[in-house]
Amino acid sequence: QVRLVESGGGLVQAGGSLRLSCAASETRFNIHSMGWGRHVPGKQRELVARISTDGSTNYADSVKGRFTVSRDNAKNTVDLQMSSLKPEDTGIYYCAAYLGDFGQWGPNWGQGIEVTVSS
């Protein structure tokens, strides 16, 4: 229903910062909200940040105050600025999109990008 392409992952030291970007394309539906999820070792994939068309945001408690999600509605892109990174933030990060006027179809996930935080 939508193509999501992530970029910006990599290796960073604990306490450092990293910025992830995602571009959505190839959809005929309205993109209500976008965000980022992650799959860290030993846990299920969780949505860590979400931003709606009106700019309202939600964060998982584990990243609140350290991660910031932003969006360009015109370009259908979403970024995740990650700061004060911890080794437990290591994992695969996925771009997410919720389609439809109310975001009722989703999440649709990207292919994922690896983030490694070294201690």
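Located above this text is the structure these notes cover.
Let me begin by describing the structure that accompanies this report. Quick caveat, the model's predicted, so the values are computed rather than measured.

## Observations regarding the pattern of salt bridges
Alright, step 1. Using the criterion set out here, one finds five salt bridges in the structure.
Alright, step 2. Among the ionic pairs, R19 bridges to D79, the shortest N-O distance being 3.2 Å. With R19 in strand β3 (residues 18–25) and D79 in strand β8 (residues 77–82), the pair connects residues that are 60 residues apart, well separated along the chain.
Alright, step 3. Assessed through its relative accessible area of 40%, R19 is described here as partly exposed.

## Some details on unusual backbone geometry
Alright, step 1. That bond from G106 to P107 is cis: its omega, 5 degrees, falls within 30 degrees of zero.
Alright, step 2. Tracing the chain through its elements places P107 in strand β10 (residues 105–109).
Alright, step 3. In this model, E26 sits at a positive phi of 55 degrees, which is unusual for a non-glycine residue.
Alright, step 4. Tracing the chain through its elements places E26 in the loop between β3 and β4 (31–39).
Alright, step 5. Owing to a relative accessible area of 64%, E26 belongs among the exposed residues under this scheme.

## With respect to the state of the cysteines
Alright, step 1. All chains considered together, the criterion is met by one disulfide.
Alright, step 2. At a sulfur-sulfur separation of 2.1 Å, the disulfide partner of C22 is C95. Of note, the bridge from C22 to C95 carries an S-S torsion of about -85 degrees and is left-handed in sense. Highlighted residues: C22 in strand β3 and C95 in strand β9 (residues 91–99), separated in sequence by 73 residues. No difference in accessibility class separates C22 from C95, as the two residues are buried.

Conventions adopted
Residues numbered from 1 in each chain as written. Predicted model: local features only at pLDDT ≥ 70, side-chain atom pairs only at ≥ 80, totals over all residues. Heavy atoms only, no water. Salt bridge = Lys/Arg side-chain N within 4 Å of Asp/Glu carboxyl O. Helix = DSSP H or I, 4+ residues; strand = E, 2+ residues; numbered from the N terminus. Buried < 20%, exposed > 50% of the residue type's maximum accessible area, 1.4 Å probe, protein only. Disulfide = S-S within 2.5 Å.

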